[in-house]
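Structural overview for review
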Amino acid sequence: MADSSAAASTHPGPAGEVTKRDMLTLVTTAAVAIGVGAVAWPFIDSMNPSKDVLALASVDVDLSPIEVGQGITILWQGKPIFVRHRTPTEIKEAVDVPLASLIEPQPDSERTKAGHDQWIILIGICTHLGCVPLGNKPSDPRGDWGGWFCPCHGSQYDTSGRVRHGPAPANLAVPPYAFASDTKVKIG
Amino acid sequence: MVGLHKSEFANPVINWIDTRLPVFTMIQKEYGEFPTPKNFNYFWNFGALAMINLVIMIATGIFLAMNYQPNSELAFGSIQHIMRDVNYGWLLRYIHQNGASMFFIVTYIHIFRGLYYGSYKAPRELLWMLGVVILIIMMATAFMGYVLPWGQMSYWGATVITNLFSAFPVVGPKIVTLLWGGFSVDNPTLNRFYSLHYLLPFLLVGVIFLHVVALHLTGSNNPLGIDVKSPQDTLPFHPYYTAKDSVGICVFLVVLSVLVFFAPNYLGDPNNFIPANPLQTPADIVPEWYFLPYYAILRSVPDKLTGVCLMFGSILVLFVLPWLDTSKVRSARFRPLYRITLLLWVVAVVVLGVCGANKPQGIWVLLSRAGTLYYFAQFLVIMPILGKLERPLPLPESISHPVIGGRGGGPLPSGAAAKPMEKA
Amino acid sequence: MRTMHSLLAGAFAATLLAAPAVAQEIEMPHQKWSFENPFGTYDLAAAQRGFQIYAQVCSNCHSLQYLHYRDLSGIGLDADQIKAFAAGVTVPDGTDDQGQPKEGPATPASQFRSPFPNSKAAAAANNGGIPPDLSLIVNAREGGPNYIYGILTGYADPPEGFKVGDGLYYNKTFPGHQIHMPQPLRDGTVDYTDGTGNSLDQQAHDVVTFLSWAANPEAVERKQMGVRIVLFLVFLTGLTYAVKRKVWADVEH
């Protein structure tokens, strides 16, 4: 606003006129600011996920071909999803571990669906720096706790996907999913 | 000049920066105090409008590029993806599409302003020539941009325009193959056009910068076409012309918005909603409206090479305009005969435009020949001769002379100008 | 000056008008459309009936490849209706575990099913003519909705002496009057689920409304946004003009 008042002062007029011009300039500047702000939004929003990306936010998985002890990796929202059919020993290990010994204490029951505890479904991204841990293929190293092992910085996860050995700070995340039947699950 | 700049800004942060990099002083000098003739009419808005338009084009273009696929299999569909699925994609695309038309409207008026008020004459010849360079880059950019949606008009427009170069003897066909990167307009062509379409606007920014530097060296021309003689003839750019340009920018935005929101495809061609098909040429091939006059010139003669030369010549002749016009008087206000010939030239361009939109048959051939003839006669015959024959009206003594008298207030000396940068 | 201004304005108006004024010889019946003026919106009931026609008649030959089933929310179908409709359509669905292409029920995220796998198959099945994709057909024809309406209602007996080629049909609106497409709609072709009368005129009107929406699904949002933005900019023009007047008040010019 300094400019208009300075310009005004070089053209001395009645005092009232100066304030009127200031007011007018103020309103105009405010309107321009609102306009520019409003224009910025479509540009920013165009970078958010588009409708086709959002529409693919869920994926159906058929669990029937996965044998006990095996796991598969599928793609959901561009991320690897680990689906593992756990053995009774693995389930027992996951359930029996004292919570106090965990880095991020969380019971196995919170990470699986009731009645389907042989299935563990995880977002396969190490919570340290985003690598994909090994352990879903039979030939992969699974770490000391029988779950997953991250080759980047050595983090280890147990059969419930909970972090047992750093540097990862948190458990592998569980995606939102629901069982449509005993052998069909919908992720997302 | 070695050493720190002595900044006069009160704000310590601005002062600190300005001492080391005197951009604020420069902006204040060139856009704050810059002494500008006080008698501009609204025709002098169009330079600023073109600048705003370029900013709009670059901004929307960058965001469109984030979703566009420069691949002949995917390009058409990716435009539909932008129009249907990307948030506000339709808005960005329609602004970009209609912004191109607005850019040419604004630029053509800007050029007309220069022709009418003699802005191309000494000492502003180089300023004018840089302007012609800008026009040529703009045209190349617009042409390549129109190819990107990969519709029928994109494809066949690209085919026809690149084939123009085949008119040149010996090297012609080699040039065309080089442009295509193949034996027809195809994926390689689309890829390189995309790359260049993204590059050229930034080249445009560079040449526009030179255009403005040259302008600020000579100072602006004005409706009277006479030189500034005293500080009384000028006003500081800010707030006088910032305020006046703002009005023009708002009107410009209203026109653009009406196009974008209510008639986004009015200036387009239905054929471009059909994906490119190398096996079938549309019944009528027409370029975008802003190329129609050149297209008519191209088709006005039955000989291929002559047509191509005339078409390129119609732009290139503008380069030597400062030397074709032999009159010492700049503004057409004081050149009654030149004014008539120039307005007839505008009529000729419009007639050529209409001819370009119609099939080259019957009356349209005749009209486009007449238009072409007059287009070149204006520059090559009328302007050189008229400058010697015409008796101009008496010029006013100074810019402030015809208006001084009434209140005698007079403009302020530029030293007393506002301090616009405190706003920053 | 004044003459110059008006001349110039005229010149530009003429140039702008010249562009779309490219030769147009066929007469088209001009219809009233719900969506045509700056405040017009799509008649959603008509668009839904038009979709029913597309699904039952047009889709046997014409694809709608730039639309997805989810887009149908734009003509007022809810999520369950869309899901149910998509589930009834079989579309290509990636590959099976042996790597062979397989088919499966569509989901709202699927592209509209194309009746032919490619243009060669389309031409082979249609006597050499390729049924055009309908996603943008309204924009892709001079005359837009009126032209499509004209085609659908333009079937007639050829005038005396007019020779119609083999496998072609006479149509008043089609350029050249010989079209590959047999008459798709007649009085009573589609029984509307909403009980609306099914004259040819009504059906043509409805399917054109649907196709207009399909080509410009953003139109209503665009125009509504446009009204607000133009009003704001006119207001801003007034403001800046007032500021300009104030700033220039004490300059003689």
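Residues numbered from 1 in each chain as written. Chains lettered and ligands numbered in written order. Predicted model: local features only at pLDDT ≥ 70, side-chain atom pairs only at ≥ 80, totals over all residues. Heavy atoms only, no water.

1. Points about the overall build of chain C
The condition is simple: We count a stretch as a helix when DSSP gives it H or I for four or more residues in a row; a strand needs E for two or more, and each element gets its number in order from the N terminus. Partly exposed residues are those whose accessible area sits between 20% and 50% of the maximum for their type, while under 20% is buried and over 50% is exposed, using a 1.4 Å probe and protein chains only. For this analysis, residues touch if any pair of their heavy atoms sits within 4.5 Å. Working definition of accessibility: Shrake-Rupley area with a 1.4 Å probe, residue cover restricted to the visible protein chains.
Along chain C, the regular secondary structure elements total 7 helices and 4 strands. Sequence-ordered secondary structure for chain C, helices as α and strands as β, is α-α-α-β-β-α-α-β-β-α-α. Within chain C, the proportion of its 253 residues that are buried is 44%. Long-range pairs, those at least 24 residues apart, make up 60% of the contacts in chain C with a sequence separation of at least 6. Approximately 12,900 Å² of chain C is accessible, and the part contributed by carbon and sulfur atoms is 54%.

2. Points about the sheet that holds strand 1 (residues 59–62) of chain A
Residues and elements named next belong to chain A. Quick reminder of the rule: At least two bridges found by DSSP between two strands are what make those strands a pair. Fitting a line to C-alpha atoms yields each axis, with helices limited to the stretch in contact; the angle taken between N-to-C directions then spans 0 to 180 degrees.
Spatially, the 3 strands line up as an open sheet ordered 1-9-8, and their pairing is antiparallel. Looking at the sheet topology across the chains shown, the edges are occupied by strand 1 and strand 8 (177–179). Across the sheet, the mean angle from the axis of one strand to that of its neighbour is 20 degrees, orientation sign disregarded.

3. Digging into the packing of helix 2 (residues 44–56) of chain C against helix 6 (residues 200–215) of chain C
Residue and element names in this part refer to chain C. Our working rule: Any angle that falls under 35 degrees is termed roughly parallel, while one over 145 is termed roughly antiparallel, one within 65 to 115 roughly perpendicular, and all others oblique. Any residue outside Ala, Val, Leu, Ile, Met, Phe, Trp, Tyr, Cys, Pro, Asp, Glu, Lys and Arg is labelled polar, Gly included; the first ten of those are nonpolar and the last four are charged.
The interhelical angle for the contact between helix 2 and helix 6, taken along N-to-C directions, is 100 degrees, at an axis separation of 7 Å. Taken together, the axes of helix 2 and helix 6 are roughly perpendicular relative to one another. Across the interface between the two elements, Ala46, Ala47, Arg49, Gly50, Phe51, Ile53 and Tyr54 from helix 2 touch Gln202, Gln203, Asp206, Val207, Thr209 and Phe210 from helix 6. Of the residues in the contact of helix 2 with helix 6, the class split is 7 nonpolar, 4 polar and 2 charged.

4. Regarding the interface of chain C and chain B
Put simply, the rule is: The buried area of a pairing is the accessible area, by a 1.4 Å probe, that goes missing from both parts when the two are put together, added over both. We define a salt bridge as a side-chain nitrogen of Lys or Arg found within 4 Å of a carboxyl oxygen belonging to Asp or Glu. Counting of polar contacts relies on pairs of N or O atoms within 3.5 Å, with two restrictions inside protein: one atom must be capable of donating a hydrogen and the other of accepting it, and residues adjacent in sequence are counted only when both atoms are side-chain atoms.
Taken residue by residue, the interface counts 54 residues in chain C and 60 residues in chain B. Both sides of the chain C and chain B interface together cover about 5,000 Å² of buried area, and 73% of this is carbon and sulfur. In this structure, the connection of chain C to chain B is made through 1 salt bridge. Inspection of the chain C/chain B interface yields 5 residue pairs in polar contact (both at pLDDT 80 or more). Put simply, the parts of the chain that give the side of chain C that touches chain B at least two residues each are helix 1 (2–18), helix 6 and helix 7 (219–248) of chain C. Broken down by element, the residue count for the side of chain C that touches chain B peaks at 17 residues, all from helix 7 of chain C. Residues of the side of chain C that touches chain B, tallied by class, amount to 33 nonpolar, 10 polar and 11 charged.

5. Things to note about the pairing of strand 1 (residues 90–95) of chain C
All names here are of chain C. Of the strand pairs in this sheet, strand 1 and strand 2 (residues 101–105) are connected by 4 bridges, and their pairing is antiparallel. Considered in strand 2, the bridge of threonine 95 is made with proline 101. Linking strand 1 to strand 2, which pair antiparallel, is a turn of 5 residues; within it glycine 99 sits at a positive phi near 85 degrees.

6. Here we look at the packing of aromatic side chains
Let me state the cut-off plainly: Pairs were defined over the aromatic rings of Phe, Tyr and Trp, the Trp ring being its six-membered one, requiring ring centres within 6.5 Å. Orientation was assigned from the angle between planes: stacked under 30 degrees, edge-to-face over 60, tilted for the rest. When the NZ atom of lysine or the CZ atom of arginine is within 6 Å of a ring's centre and also within 35 degrees of its normal, the charge is said to sit over that ring.
Scanning all chains against the criterion turns up 47 aromatic pairs over all chains. Centre to centre, the rings of phenylalanine 104 of chain B and phenylalanine 291 of chain B are 5.8 Å apart; their planes meet at 70 degrees, and the pair counts as edge-to-face. Within this pair, whereas phenylalanine 104 of chain B is found in helix 5 (residues 89–116), its partner phenylalanine 291 of chain B is found in the loop between helix 10 (237–262) and helix 11 (292–300), the two being separated by 187 residues in sequence. For phenylalanine 104 of chain B, a relative accessible area of 2% translates into the label buried. With 5.7 Å between their ring centres and 40 degrees between their planes, phenylalanine 165 of chain B and phenylalanine 312 of chain B make a pair best called tilted. Here the residue phenylalanine 165 of chain B occupies a position in the loop between helix 7 (152–163) and helix 8 (172–180), and phenylalanine 312 of chain B occupies one in helix 12 (residues 304–316), the gap between them amounting to 147 residues. Relative accessible area serves as the criterion here: at 29%, phenylalanine 312 of chain B is assigned to the partly exposed category. When the ring centre of tryptophan 148 of chain A is taken as origin, the NZ or CZ atom of arginine 84 of chain A, which lies over that ring, is 4.0 Å away. A cation over an aromatic ring shows up here: lysine 244 of chain C above the ring of tryptophan 248 of chain C, its NZ or CZ 5.4 Å from the ring centre.

7. Details of the state of the cysteines
Note the threshold: Working definition: a disulfide is two cysteine sulfur atoms within 2.5 Å of each other.
Scanning all chains against the criterion turns up 1 disulfide over all chains. A sulfur-sulfur separation of 2.0 Å characterises the disulfide bridge that pairs cysteine 131 of chain A with cysteine 152 of chain A. Torsion about the S-S bond of the cysteine 131 of chain A and cysteine 152 of chain A cystine: about -95 degrees, corresponding to left-handed handedness. Of the two residues, cysteine 131 of chain A is situated in the loop between strand 4 (119–123) and strand 5 (146–149) and cysteine 152 of chain A in the loop between strand 5 and strand 6 (156–158); the sequence distance between them amounts to 21 residues. Between cysteine 150 of chain A, a cysteine without a disulfide, and cysteine 126 of chain A, which holds the nearest cysteine sulfur, the sulfur-to-sulfur distance is 3.8 Å. Given a relative accessible area of 2%, cysteine 150 of chain A falls into the buried group. Cysteine 61 of chain C forms no disulfide, and the closest cysteine sulfur to it belongs to cysteine 58 of chain C, at a distance of 9.2 Å.

8. A few points about the nonpolar core
Quick note on the threshold: What is meant by a nonpolar core is a set of buried Ala, Val, Leu, Ile, Met, Phe, Trp, Tyr and Cys residues, joined one to another through side-chain atoms within 4.5 Å.
Counting residues in each nonpolar core, the largest one holds 132 residues, and the members touching the most others are Phe104, Tyr108, Leu115 and Phe379 of chain B. Ranked by the residues each element gives to this core, the list is headed by helix 5 of chain B, at 17 residues. Look past the residues within four positions of leucine 115 of chain B in its chain and what remains in contact with it is Tyr120, Trp128, Leu321, Tyr338, Leu342, Trp345 and Phe379 of chain B. Counting 44 residues, the second largest nonpolar core, distinct from the first, contains Val89, Leu134, Ala214 and Ala215 of chain C.

9. Section: the packing of helix 5 of chain B against helix 7 of chain C
As a reminder, the rule being used: We call a crossing left-handed when the near helix sits turned anticlockwise from the far one by less than a right angle, and right-handed when that turn is clockwise.
The N-to-C vectors of helix 5 of chain B and helix 7 of chain C enclose an angle of 65 degrees; their axes lie 11 Å apart at closest approach. Comparing the axis directions of helix 5 of chain B and helix 7 of chain C gives the class roughly perpendicular. Helix 5 of chain B and helix 7 of chain C meet at a crossing whose hand is right-handed. Seen from helix 5 of chain B, the contacting residues are Trp90, Leu91 and Tyr94 of chain B; seen from helix 7 of chain C, they are Glu221, Arg222 and Met225 of chain C.

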